[in-house]
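Observations on the model geometry
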Amino acid sequence: MRSYALAGLVGLCWTLSPALSEEAKKPNIIFIMADDLGNADLGYRGGQVKTPNIDKLANDGVRLESFYGEPVCTPSRAALMTGRYPMRYGLQTLVIFPSHTYGLALDEKTLPQALKEAGYKTLMTGKWHLGHADRKFWPQNRGFDYFYGNVVGEVNYFTRERGGVIDWQRNGKFLEEKGYYTDLIGDDAVRLIDQQDGKQPFFLYFASLAPHGPYQAPESAQEQYKDVPDKLRRTYMGMISDLDVQIGRIVAELDKKGLRDNTIILFSSDNGGATSGLFAQGAKSDAERDKEEGGIEQGQKAPASNAPFSGGKGSLKEGGVRVPAFVNWPAKLKPRVVNEPLHMVDVMPTLLALAGGKGSPDHPFDGKDMWKTLADGAPSPNDDVLINVELFRGAVRKGDWKLIKIALLPGKTELYNLARDPGETTNVAAENPEIARDLEARLLQYAKEQKPSLWIKAQPAFVGAQGKTVMDPDFDIDDGGLPHEKLALPH
């Protein structure tokens, strides 16, 4: 076997992960992102939903049982795309509303940009939600060679319509197509894999909208749950099962093309399942929540389950941020369960280590290469994990300990030992003052490093007149407003 030194002499300029020899081919990469998926709603996690394809990938792979996303969609997707906490570039608060004009900062080097530099074909199907009002924010201008899907948050699954506008495109050309969202992106993903010849590695980001509201599914997908009395729950379960079918098709196509052995598949939800109607369709006014079209009222209970965790989407509790996740690569990874704390920001540095890509020196990663944790069961590479930090709240985890700080007066500090109390039922800050002080100091240090929230800039009324007094004079920006305001989408 050639040495690393000899490999360098013959021109190998990539930094390889210890998991791969210098002679190994760069792996194909598929990242599957579910949207608002409940932690207890998959078969392998003991859920009611029939998900045989997801279950097989999880059980044959490395299950990440303490993997964190962000509380809501936009920040979590930003963390994946940058390897950096969203507070570094102002995306730490809520999601980009349809009327907003901001997006993921253009000076942030994205995962597809780095992989493209490393020789990858970069492909995306599905939901973007990292900027839509200007084409410069669109996926094909942030590193993807190919994009098929929608750029705003949620759309109607059958029409791809939002606010009277069709948000559905292929490489910048808007389309009106018949069909169900998840089936369409599944068809496209299979077609893209079929086009690969194995000579150039590819990265496929399969970003499902399902099972995010509105709750819509083909009748055929719901039929298997006809004994479930609650219509929203029945539809939600059908949405997940339909996603599972598409994932099975992707794996089958990899097998058919002889690409499976050299393809790493990662799966995660962006955040926890929505447990209230407010967050199930958070960027929608009551007037937009059409119950005949799968809408849900703001105060209505949503159908996801995050058991045994408390909280849901939008919350800093485990149910909002600890998400179902796994990594599958049978040729390189043996099945195991990993309970070490890991975060969405760890994905990009890990994949770039495998692929020979590089980040941006002036935008250092917050994430760490987690390969040894995946392959060998080593401890987490993170000393601590920032779950999120905002103007008014934050949370950080170190080992088994998690601290949540609510900064709005009168304020609140919560400390939990997740090994003993995964449901976060008992605040033990008073009994463990030194641990609480240490974690709070870490959180406050992160808070000092954050950039102003672009969402709050666009929604200054959120913090009110007194909140404005602590902001820079130019903090308020001319942007959109409430969810029901006009969709800012160039056609």
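Scroll up to find the structure.
The paragraphs below set out a description of the structure included in this document. (Residues numbered from 1 in each chain as written. Predicted model: local features only at pLDDT ≥ 70, side-chain atom pairs only at ≥ 80, totals over all residues. Heavy atoms only, no water.)

1. A closer look at the nonpolar core
- Among the nonpolar cores identified, the biggest contains 79 residues, and Phe31, Leu64, Phe203 and Tyr205 are the most heavily contacted of them.
- Examining the composition of this core, we find that six residues originate from one element, helix 10 (residues 347–355), more than from any other.
- Residues contacting Phe203, with those up to four places away along its chain left out, are Ile29, Phe31, Leu111, Pro112, Leu115, Tyr120, Lys121, Thr122, Leu123 and Phe144.
- Counting residues in hydrophobic clusters, the runner-up holds 52 residues, among them Leu37, Tyr148, Ile193 and Phe206. (Core = buried A, V, L, I, M, F, W, Y, C linked by side-chain atoms within 4.5 Å. Buried < 20%, exposed > 50% of the residue type's maximum accessible area, 1.4 Å probe, protein only. Helix = DSSP H or I, 4+ residues; strand = E, 2+ residues; numbered from the N terminus. Contact = heavy atoms within 4.5 Å.)

2. Brief notes about the side chain of Ser269
- In this fold, Ser269 is placed in strand 11 (residues 263–269).
- Of the residues examined, Ser269 reaches a relative accessible area of 0% and is grouped as buried.
- Of note is the side chain of Ser269, whose polar atom sits 3.1 Å from the backbone nitrogen of Leu37.
- Once residues within four sequence positions are removed from consideration, Ser269 is found in contact with Met33, Ala34, Asp35, Asp36, Leu37, Val323, Pro324 and Met344. (Polar contact = N/O pair within 3.5 Å; in protein donor to acceptor, adjacent residues only side chain to side chain.)

3. A closer look at the sheet that holds strand 12 (residues 325–328)
- Strands sit in the order 9-8-5-4-10-1-11-12-2-13 across an open sheet of 10 strands; the sheet is mixed. Of all the strands in the sheet, the pair left with one neighbour each is strand 9 (173–174) and strand 13 (336–338).
- Looking at chain direction, strand 5 (residues 146–150) and strand 8 (residues 169–170) are connected through two bridges and run antiparallel. The residue bridging Gly149 from the neighbouring strand is Gln169, located in strand 8.
- Strands strand 1 (28–34), strand 4 (121–127), strand 5, strand 8 and strand 10 (202–207) of the sheet are contacted by helix 5 (residues 181–194), whose axis makes an angle of about 175 degrees with strand 10. (Pairing = 2+ DSSP bridges. Axes fitted to C-alpha atoms, helices over the stretch in contact; angles between N-to-C directions.)

4. A closer look at the packing of helix 5 against helix 7 (residues 231–256)
- Where helix 5 meets helix 7, the closest approach of the two axes is 9 Å, and the angle between their N-to-C directions is 5 degrees. Viewed along their axes, helix 5 and helix 7 adopt a mutual orientation that is roughly parallel. Across from Thr182, Asp183, Gly186, Asp187, Ala189, Val190, Ile193 and Asp194 in helix 5, the residues of helix 7 making contact are Asp242, Leu243, Gln246, Arg249, Ile250, Glu253 and Leu254.
- Tallied by class, the residues present in the contact of helix 5 with helix 7 amount to six nonpolar, three polar and six charged. (Parallel < 35°, antiparallel > 145°, perpendicular 65-115°, else oblique. Nonpolar A, V, L, I, M, F, W, Y, C, P; charged D, E, K, R; others polar.)

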